[in-house]
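Here is how the chains run, residue by residue.
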2 protein chains.
Amino acid sequence: MSINMSEKNEIIKALIPLEEKHKTNLTVDCVIFGYDQGDLKVLTIECDMDPFLGMYSLIGDFVKETETTNQAAKRILKFCTGNDDIFLEEVQSFSEINRHPYGRVITIAYYSLVQIGKTKMTDNAGKHLQWTSVNNIKEMAFDHKQILDLCLFSLRRSLRDSPIGFELLPKKFSLKQLQTLYEVVLDIELDKRNFRRKLRTMDILIDVDELQQEVSHRPAKLYKFNVKYYESKKYNGFKFDL
Amino acid sequence: MSINMSEKNEIIKALIPLEEKHKTNLTVDCVIFGYDQGDLKVLTIECDMDPFLGMYSLIGDFVKETETTNQAAKRILKFCTGNDDIFLEEVQSFSEINRHPYGRVITIAYYSLVQIGKTKMTDNAGKHLQWTSVNNIKEMAFDHKQILDLCLFSLRRSLRDSPIGFELLPKKFSLKQLQTLYEVVLDIELDKRNFRRKLRTMDILIDVDELQQEVSHRPAKLYKFNVKYYESKKYNGFKFDL
DNA sequence: GCAAAAGTGTTTTACTTACACCCATGT
DNA sequence: ACATGGGTGTAAGTAAAACACTTTTGC
């Protein structure tokens, strides 16, 4: 006696207890942003799934029974970049019925910010990871372009009202680097003197008393973000705002 | 031949195809805010599940195979309030392993804003729905207090930078009503004249040329929110900000 | 000494805050 | 006429925007 696939599925469904009936496939997808030489990048892989073969895809995985969605996202980040302790923020779920060719898959989108220099890219599992300029991505597999766009929107919003830009820069950076980051990601122009004054009055940078190396012009002073000071101030009515 | 429950579960698990292995129970939970006489309220039911019996609970349900999470939330809202077309916003997922006594259940939290006067409370399915003052809720079933707190945080943020306060008021309202709403929800004091000037310069209210009825003092003028005008302006660099 | 980017203050303008009295209605 | 909340403008202070030249380094 043999049964076909859809008969088998029917039998399985009948066996599954009531409280299992509503179960759904749940994944997380990570928009991993990096910043390099005036260019906002996102970590992509080539999609190996049928109607989207070869297209850019985000990095995601199923949420396991023993982990939270946050832990799933952190696991993916660790896998892709080699780092724990990465800035991570949940953005939104995506649950259109036919968003995935395999069947119903609901995903929760996260974005994270990494310093490209600190990531050891593990070209693992045969999948080729690469940093792709956000501006060069016109389409992606599944609904991943939509996910990317929303995460970018969310990043832009957060960039203005919390000090997360530093997550994309090396620990020590020049004021010019910081300003360019803001200009590139937000797609705006900033006045050098006003930008610097604002940072000065916010008082969240530490002058590390070092200079840029190997530039063919006057080297800039380097600073680092004063995390502790900011953390202590932010619960005392202080508002980051750039 | 008879088999016990855990044996049965093992058999079922073995039958389930690979891509089903990661399936999880997914629900949505709705924080339905209403505003009444200077008091922010939330729609609650009594929990009928064991360790939380009798405690306040949010309203939620499983996400069905044929609906998006948004549609699930809208279905719940329709069921509870009788209305479609309700302001609805996804906030965050909650996925702690043991957040639910039945087993692994991941939920996506939504908050929505309704005009209490417009809701026909359907005390359906034997569950008693009631409006409870947010300030009176010290604990809730499951992790629902945490969900409520986060939704309230999210509401407060949105209240300042988008014109959603109107969703909680009747179509026609006085400036005082609007100001009190802001004061109550944000827990701040506002200056009457400055508040009014700000609204005047934003130019998003229409004077409906009616007066308050049945008050034992000088009746206030009534206004309505100029949705169309706001929608046309917001893509032209205009920024709501209160 | 010249190219290239770093660094630095002042003035104007717009926005925010603080504040007190008269007005319209019901009783 | 009085109690109650509705309605209005101005002045001072603070934050944002606009703007140009000097300094340091490598070549």
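Here we take up the domain arrangement of chain A. Residues and elements named next belong to chain A. Each assigned domain of chain A is listed here: domain 1 (23–161) and domain 2 (169–234). Averaged C-alpha coordinates put domain 1 and domain 2 at centres separated by 28 Å. On the domain 1 side of the interface with domain 2, the three residues burying the most area are Y35, R156 and L159, jointly 57% of the side's total. Applying the counting criterion to the domain 1 and domain 2 interface returns zero salt bridges. On the surface where domain 1 and domain 2 come into contact, there are four residue pairs in polar contact (both at pLDDT 80 or more). Of all the elements in the fold, those that place two or more residues in the side of domain 1 that touches domain 2 are β2 (39–46) and α3 (144–161). A breakdown of the residues in the side of domain 1 that touches domain 2 according to their chemical character gives four nonpolar, two polar and three charged.

Take the protein's contact with DNA strand C next. Taken together, 20 residues sit near DNA strand C, with K192, R193 and K221 of chain A together with R218 and P219 of chain B positioned nearest. Atoms of DNA strand C within 4 Å of the protein belong to the sugar or the phosphate in 40% of instances, the rest to bases. At 3.4 Å, a side-chain N or O of D191 of chain B approaches a base nitrogen of DNA strand C. Residue assignment for the surface near DNA strand C shows that the elements contributing at least two residues are α5 (192–202) of chain A together with α5 (192–202) of chain B.

What follows is about the side chain of S154 of chain B. For S154 of chain B, the position within the fold is in helix α3 (residues 144–161). A relative accessible area of 18% means that S154 of chain B is categorised as buried.

With that settled, the discussion passes to the packing of α3 of chain B against helix α4 (residues 175–186) of chain B. Residue and element names in this part refer to chain B. Relative orientation of the contacting elements α3 and α4 amounts to 145°, with a least axis distance of 10 Å. The crossing of α3 and α4 is left-handed. Residue-level inspection shows L155, R156, L159 and R160 of α3 in contact with α4, the latter providing Y182, V185 and L186. In terms of residue class, the contact of α3 with α4 is made up of five nonpolar, no polar and two charged.

On to the nonpolar core, then. Counting residues in hydrophobic clusters, the biggest one holds 44 residues, and the most contacted among them are I32 and I59 of chain A together with I32 and I59 of chain B. Sequence-distant contacts of I32 of chain B, defined by excluding residues within four places in its chain, comprise K41, V42, L43, I59, L77, C80, S112, V114 and W131 of chain B.

Before going further, it helps to examine the pattern of salt bridges. In total, this model carries 20 salt bridges over all chains according to the counting rule given. A salt bridge links K172 of chain B to E210 of chain B, with the nearest nitrogen and oxygen atoms 2.6 Å apart. Pair noted here: K172 of chain B is in the loop between α3 and α4 and E210 of chain B is in strand β8 (residues 205–211), with a separation of 38 residues, a long-range link. With a relative accessible area of 38%, K172 of chain B lands in the partly exposed category. In this structure, a network of salt bridges that share partners links the residues D29, R99 and D143 of chain A.

For residues other than glycine, phi is negative in most cases, and the peptide bonds are mostly trans. All names here are of chain A. In this model, F142 sits at a positive phi of 50°, which is unusual for a non-glycine residue. On the secondary structure map, F142 appears in the loop between β7 (129–133) and α3. Look at F142 and you get buried, because its relative accessible area is 17%. Positive phi, normally seen in glycine, also occurs at D187, with a value near 55°.

The rules we used
Residues numbered from 1 in each chain as written. Chains lettered and ligands numbered in written order. Predicted model: local features only at pLDDT ≥ 70, side-chain atom pairs only at ≥ 80, totals over all residues. Heavy atoms only, no water. Domains from an automatic or database assignment. Buried area = accessible area lost by both parts, 1.4 Å probe. Salt bridge = Lys/Arg side-chain N within 4 Å of Asp/Glu carboxyl O. Polar contact = N/O pair within 3.5 Å; in protein donor to acceptor, adjacent residues only side chain to side chain. Helix = DSSP H or I, 4+ residues; strand = E, 2+ residues; numbered from the N terminus. Nonpolar A, V, L, I, M, F, W, Y, C, P; charged D, E, K, R; others polar. Near = heavy atom within 4 Å. Buried < 20%, exposed > 50% of the residue type's maximum accessible area, 1.4 Å probe, protein only. Axes fitted to C-alpha atoms, helices over the stretch in contact; angles between N-to-C directions. Left-handed = near helix turned anticlockwise from the far one by under 90°. Contact = heavy atoms within 4.5 Å. Core = buried A, V, L, I, M, F, W, Y, C linked by side-chain atoms within 4.5 Å.

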